[in-house]
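Architecture and fold: a report
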Amino acid sequence: MTVRGRELLHVDRLDVAPGAALAVLGPNGAGKSTLLRALARLGRYGVTGDVLLDGHPADPRELRRAVAAVLQRPILRRGTVRANAAAGLRLRGVGRAESARRSAPWLDALGVGHLGDRDARTLSGGEAQRVALARALAVSPRVLLLDEPFAGLDATTRTDLLADLRAVLDGLDTATVLVTHDRHEARALAAETALLVAGRIRQLGPTAHVLDHPADAACARLVGYSNVLPPAVTGRPGLLAARPETCRVSTDRYLVSGLAVRGTVRRIVPLGGGTRVDVDTPAGTLACLGPGGDGLEPGRAVVVTVAETDVRALETDDLAPATRGDPASVGRSG
Ligand SMILES: Nc1ncnc2c1ncn2[C@@H]1O[C@H](COP(=O)(O)OP(=O)(O)OP(=O)(O)O)[C@@H](O)[C@H]1O
């Protein structure tokens, strides 16, 4: 997919089966929204290739009928919640009474049936997003495109909504594509996950596997294995990666087992449930997330340690952040 000759997205193939959910996880600017626009054939882009429905190339009209989308900021119209939930069906030419009858169960399924008479513009962010989802699902879409719909919600609201949506989708034949930069959303909603970096899919497979066995440094950072260690530091072949949650800061000079990297404390960052200690090492700054930073101060010589079971070996040795135009290399994992 190109805009004015610049390639924004280069995806060889991406399949989502009826009833399945695929998460596309990528950092800001990776091309996630562009991918959804490509799937719905929206916008003025140069597109090479096809969007297939049931194996047949679909034209923009067919796609408009088959696809429903929910965006990060729900666009609700003036009027009641009930009228908003029915709006998608009304747009497709369904009569007023029939639209109301068919959309009401979706408001119930998403836990906002009791708000039917409320002015939609008085809803909280979480409630509004539930109404937007009900409106999308009411048209019985064959394809549901979700563009970071949970991003603006607080953690509890998001967790509840993800669980409710997952339960609703489980009973449907709808193929769902969720784009997000949050790996927890991918885990909560999708059986398969694709990692999109700089417009290309770098890894694709079962969500649990992709999130725990990143293929390269860019994928590792995306799924929370943000401490990437080159051979020069570990003395082992190939790149290794570890999650900050599994890295410990030790003032002990001797390590019994696992991986150890010497460094000096850069700063200590108190967080909600613990402390992050940033340690400057020859591998760059490593983050260690744990219960406390007691007895540590900036400048102190320490050792960052990781248990062997928490270290992941990356498939490629490319340390450089991915840039647009990299050759495509898609790891199918799992
Ligand atoms: N119409 C356009 N014209 C020019 N560049 C565009 C256009 N649409 C998108 N881009 C560029 O394509 C890249 C991908 O944009 P996109 O919005 O798809 O990223 P994203 O992964 O959804 O990011 P975010 O998480 O920040 O929303 C960005 O560099 C963006 O500036």
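Described below are features of the structure shown in this document. Just so it is clear, the model here is predicted, and its values are computed rather than measured. Every chain's residues receive numbers from 1 upward, in the order its sequence appears when written. Owing to the predicted nature of the model, reporting of local features is limited to residues with pLDDT of at least 70; listing and counting of side-chain atom pairs is limited to 80 or more, with chain, interface and lining totals taken over all residues. Note that water and hydrogens are dropped before the side-chain values are worked out from all heavy atoms of the structure.

1. Remarks on the site of the ligand
The condition that has to hold: Note on terminology: near, applied to a residue and a molecule or strand, indicates that one of the residue's heavy atoms is within 4 Å of it. The definition of a polar contact used here is a pair of N or O atoms within 3.5 Å, where within protein one atom must be able to donate a hydrogen and the other to accept one, and adjacent residues in sequence count solely through side-chain atom pairs. Secondary structure elements follow DSSP: runs of H or I no shorter than four residues count as helices, runs of E no shorter than two count as strands, and numbering proceeds from the N terminus.
Close to the ligand lie 16 residues, the nearest being Gly 29, Gly 31, Lys 32, Ser 33 and Thr 34. Within the contact set of the ligand, an oxygen atom lies 3.0 Å away from a side-chain nitrogen or oxygen of Asn 28. One nitrogen or oxygen atom from the main chain of Ala 30 is found 3.1 Å from an oxygen atom belonging to the ligand. It is helix H1 (residues 32–40) that provides the largest number of residues to the shell around the ligand, a total of four residues.

2. Points about the pairing of strand E8 (residues 175–180)
The test is simple: In this scheme, a residue with accessible area under 20% of its type's maximum is buried, one over 50% is exposed, and one in between is partly exposed, where area comes from a 1.4 Å probe on protein chains only. Strand pairing requires that DSSP identify at least two bridges connecting the strands.
For E8, the buried fraction is high: six of the six residues fall into the buried class. Of the two faces of E8, both are covered, the one formed by Ala 175, Val 177 and Val 179 as well as the one formed by Thr 176, Leu 178 and Thr 180. Direction of pairing for strand E3 (residues 21–25) relative to E8: parallel, over a ladder of five bridges. Residue pairing across strands places Ala 23 opposite Leu 178, the latter belonging to E8. Note: strand E7 (residues 143–147) against E8, five bridges, orientation parallel.

3. Section: the sheet that holds strand E13 (residues 247–250)
Let me state the cut-off plainly: Here the axes come from fitting lines to C-alpha atoms, over the contacting stretch only for helices, and the angles between their N-to-C directions go from 0 to 180 degrees.
As summarised here, the arrangement of the five strands in space is E13-E17-E14-E15-E16, forming an open sheet in which the pairing is antiparallel. Each edge of the open sheet carries a strand with a single partner, namely E13 and strand E16 (284–290). For this sheet, the mean inter-axis angle between neighbouring strands, taken without regard to orientation, is 45°. One ladder, built from six bridges, connects strand E14 (residues 259–270) with strand E17 (residues 301–306); its direction is antiparallel.

4. What to know about the environment of Ala 208
Its location among the elements puts Ala 208 in helix H8 (residues 207–212). Residue Ala 208 is classed as exposed on the basis of its relative accessible area, which comes to 53%.

Everything listed here is a matter of coordinates, which is why it stays silent on function.
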